[in-house]
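In case you want the letters, here they are:
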Amino acid sequence: MFNKYDIIVVGAGHAGCEAAAAAANMGSKVLLATMNMGTIGQMSCNPAIGGVAKGQIVREVDALGGYTGRVTDKTMVQFRMLNRSKGPAMWSPRAQSDRFRFAEEWRLVLEKNKNVDFWQEMVSQILVNGDRVVGIKTALGVEIYSRSVVLTNGTFLNGLIHVGEKNFGGGRSGEKASKGITEQLEGLGFVSGRMKTGTPPRVDGRSLNYKNMENQPGDNNHGFFSFLSKKKLKKQLSCHITYTNSSTHECLEGGFDRSPMFNGRIKSVGPRYCPSIEDKITRFRDKERHQIFVEPEGWNTVEVYVNGFSTSLPEEIQLKALRTIKGFERVKMFRPGYAIEYDYFPPTQLKPTLETKPIQNLFFAGQINGTTGYEEAACQGLIAGINSHNKINEKESFVLGRSDAYIGVLIDDLINKGTDEPYRMFTSRAEHRILLRQDNADLRLTELGYKIGLASEKRMVQVEKKKEGIKQITEEIKKIKIKPKDINTFLKLKDSSPIKESKSIIDLIKRPNIHLKDLKLFTGKINKKPEESEQVEINTKYESYIEKEMETVDKMKRLENSVIPENYDYRKIKSLSAEALEKLSAIRPKSIGQASRISGVSPSDVSILMVHMKK
């Protein structure tokens, strides 16, 4: 079976699965190498997909032709649309998944693809010829050749697990660490670093008293991640909410002298926005309690994930502290929480395609680039898979801009600013978020996915029909007018000013409290698909904001089109600041626009650069 492959993907987590699927669906012969075929697509941390900004990423992956959204829809136990009380740019889908079904479904997706082969073994080296990768070497000494390699090693590179005063090598609980790759890459000129993440204990749901917790059900008329999904859940599992208290905090603090976070054993940086419980009670001493989300692991298991209680304290202190929490008084613990340190490679060593600068045809995706989260990993895997296929077939690179997608924002941030702490996506990172909503991901991206041969024709036809439906509704509501006598009573109930003359529906839905579905009651003429009506309403209400954003995007695109020669010698520009000279020489931006986003390059440096590029 070891004839030369087009692409070898190392690691079968969320990044690896998307990379393998994308490259294979575009026509490449792919080998997916993993240390354990039983953990393909495993949810190593919480059993959930999506959330603020993360949900937008999953819908973008789906719109391009990726699988995370479809796998989630088939295996979810609960769905909620977060931030409905805010503007549509903040609406974010989130689903609780059946952890076991999720991994099973991912494996089935990959096994059904005839272009994907599998190999279970640790990869200890990449094979390099000059400045080009040519394959991999396994721990058993098996050499497998390919035209491109995508590394998606997750937390396995020299992974070190901490529980209290104990530590041991491992990529995650019960699995060994990966050795050899970091040292080899450093020898090839790469710079590496260390990061930390953590996970909470898993507990026995039969030992919990849910009556003493707040119930958190799913949405009644739930949505989906994939634009192709239609089949609704007949029932959903509830999550629950409870809180820590002063007794919990006192108990936890009693173990701080044995905590690797505080005794110096852990030296690397953890995720700022998902801190451990030890970190929370230390940094936020003014808070009397912290929220705990009690999340079921699946339909047919009693295992429960204690979201918000990530910890690396000794296991007996974890259990003692848990039992001080309301509803957890008699809790039984399946396995303790732990912290894990692992190697990563600062992503400023990557091109916008996620290909590495030092070694051609070698791509990095996921936590190896310093990110955290399934969704961030999945979108990087997708882009790396697409570009590894395009590179070996001498096709144009596939790069999304900051105004195209959250995926574009994430990769642009990584390659230009780097990261020295686990990078997590937020809506606030996207300056064009009014354009990058979860509801319009298909309208933004499916055509791009279709052109590169990833999104199916079925998707493209569906998007064209949706565009036509939106156009028809917009034209209709411009023509349909409602008389004052028919609508003013309703407007009064909505605290909206009465009208003195007939108004078109499109004028009325520009008002904050008035929705298109309300006005259907007065006309009975509009009967279109909900997602099309939603697009029309959003576009109408936020028309002026969207127009301003588009103007800003057009200005930025002019900077993006101002190309900098690949091997330009920045030392020629004597007036550049020392920091700008260093950063520009290291990152080698493709355009003035990219240069303007590099940390340390000031507006005056950009102006100087523009003058020299015109010359």
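The paragraphs below set out a description of the structure included in this document. Since this is a predicted model, take the numbers as computed values, not measurements.

**A closer look at the overall build of the protein chain**
Okay, so step 1: Within the protein chain, the secondary structure is distributed over 20 helices and 22 strands.
Okay, so step 2: For the protein chain, whose C-alpha radius of gyration is 26 Å, the value lies close to the compact-globule estimate of 25 Å for 615 residues.
Okay, so step 3: With respect to the principal axes defined by its C-alpha atoms, the protein chain has extents near 80 × 70 × 55 Å.
Okay, so step 4: Residues counted as buried form 56% of the 615 residues belonging to the protein chain.
Okay, so step 5: Here the contacts in the protein chain between residues at least 6 apart in sequence split such that 72% fall between residues at least 24 apart.
Okay, so step 6: Of the accessible surface of the protein chain, which amounts to about 27000 Å², a share of 49% is contributed by carbon and sulfur atoms.
Okay, so step 7: With 95 positive and 74 negative side-chain charges, the protein chain shows a separation of 3 Å between the mean positions of the two kinds.

**Some remarks on the environment of Gly 135**
Okay, so step 1: Looking at where Gly 135 falls in the secondary structure, it is placed in strand β8 (residues 132–138).
Okay, so step 2: In sequence terms Gly 135 and Thr 39 are 96 residues apart; their C-alpha atoms lie 23 Å from each other.
Okay, so step 3: Look past the residues within four positions of Gly 135 in its chain and what remains in contact with it is Ile 8, Ile 126, Leu 127, Ile 144, Tyr 145, Ser 146 and Val 149.

**Topic: a positive patch on the surface**
Okay, so step 1: Taken together, Lys 230, Lys 458, Lys 465 and Lys 529 make up a surface patch of like positive charges.
Okay, so step 2: Relative to the helices and strands, Lys 465 is located in helix α12 (residues 457–479).

**What about the nonpolar core?**
Across soluble globular proteins, nonpolar side chains show a tendency to be buried alongside one another.
Okay, so step 1: Leu 151, Leu 362 and Ile 407 are the most contacted members of the largest nonpolar core, which totals 97 residues.
Okay, so step 2: In this view, Leu 151 contacts Val 10, Ile 126, Ile 181, Leu 185, Leu 362, Phe 363, Phe 364, Ala 365 and Ile 368; residues no more than four positions away in its chain are not counted.
Okay, so step 3: Core analysis: the second largest hydrophobic core is formed by 20 residues, Leu 252, Phe 256, Leu 313 and Ile 325 among them.

**Re the sheet that holds strand β17 (residues 303–307)**
Okay, so step 1: The strand order across the open sheet built from six strands is β14-β15-β16-β17-β13-β18, with neighbouring strands paired in antiparallel fashion. Pairing within the sheet leaves two strands with one partner each, and these edge strands are β14 (214–216) and β18 (333–335). Going from strand to strand, the sheet's axes swing by 35° on average, the running direction of each strand aside.
Okay, so step 2: One ladder, built from two bridges, connects strand β13 (residues 202–204) with β18; its direction is antiparallel. Note that in β18 the partner of Val 203 across the bridge is Met 333.
Okay, so step 3: Across the sheet, helix α8 (residues 315–322) touches β13, β17 and β18, and the angle it forms with β18 is around 145°.

**Description of α12**
The periodicity of an α-helix, 3.6 residues per turn, causes residues three or four places apart in sequence to face the same way.
Okay, so step 1: The end-to-end C-alpha distance of α12 is 34 Å, a good match for the 33 Å that 23 residues give at a rise of 1.5 Å each.
Okay, so step 2: Every buried residue belonging to α12 is among Arg 459, Met 460, Val 463, Lys 466, Gly 469, Ile 470, Ile 473 and Ile 477, and all of these are buried.

**Details of the side chain of Gln 216**
Okay, so step 1: Looking at the element boundaries, Gln 216 is found in strand β14.
Okay, so step 2: Taking relative accessible area as the criterion, Gln 216 reaches 13% and is therefore assigned buried.
Okay, so step 3: Discounting residues that sit within four places of it in the chain, Gln 216 has contacts with Gln 78, Arg 80, Ser 238, Cys 239, His 240, Ile 241 and Phe 293.

**A closer look at the pairing of strand β7 (residues 123–129)**
Okay, so step 1: Bridge analysis of β7 against β8 gives six bridges, and the strand direction is antiparallel. Its bridge partner being in β8, Val 128 is matched across the sheet by Val 133.
Okay, so step 2: In sequence, β7 turns back onto β8 through a hairpin of two residues, with Gly 130 there showing a positive phi of about 70°.

Conventions and cut-offs
- Residues numbered from 1 in each chain as written.
- Predicted model: local features only at pLDDT ≥ 70, side-chain atom pairs only at ≥ 80, totals over all residues.
- Heavy atoms only, no water.
- Helix = DSSP H or I, 4+ residues; strand = E, 2+ residues; numbered from the N terminus.
- Rg over C-alpha atoms; globule rule 2.2 N^0.38 Å.
- Buried < 20%, exposed > 50% of the residue type's maximum accessible area, 1.4 Å probe, protein only.
- Contact = heavy atoms within 4.5 Å.
- Areas by Shrake-Rupley, 256 points an atom, 1.4 Å probe, with all protein chains shown as cover.
- Lys, Arg positive; Asp, Glu negative; His and termini not counted.
- Charge placed at Lys NZ, Arg CZ, Asp CG, Glu CD.
- Patch = residues over 30% accessible without salt bridge, like charges linked within 9 Å, V, L, I, M, F, W, Y side chains within 5 Å.
- Salt bridge = Lys/Arg side-chain N within 4 Å of Asp/Glu carboxyl O.
- Core = buried A, V, L, I, M, F, W, Y, C linked by side-chain atoms within 4.5 Å.
- Pairing = 2+ DSSP bridges.
- Axes fitted to C-alpha atoms, helices over the stretch in contact; angles between N-to-C directions.
- Expected span 1.5 Å × (residues − 1).

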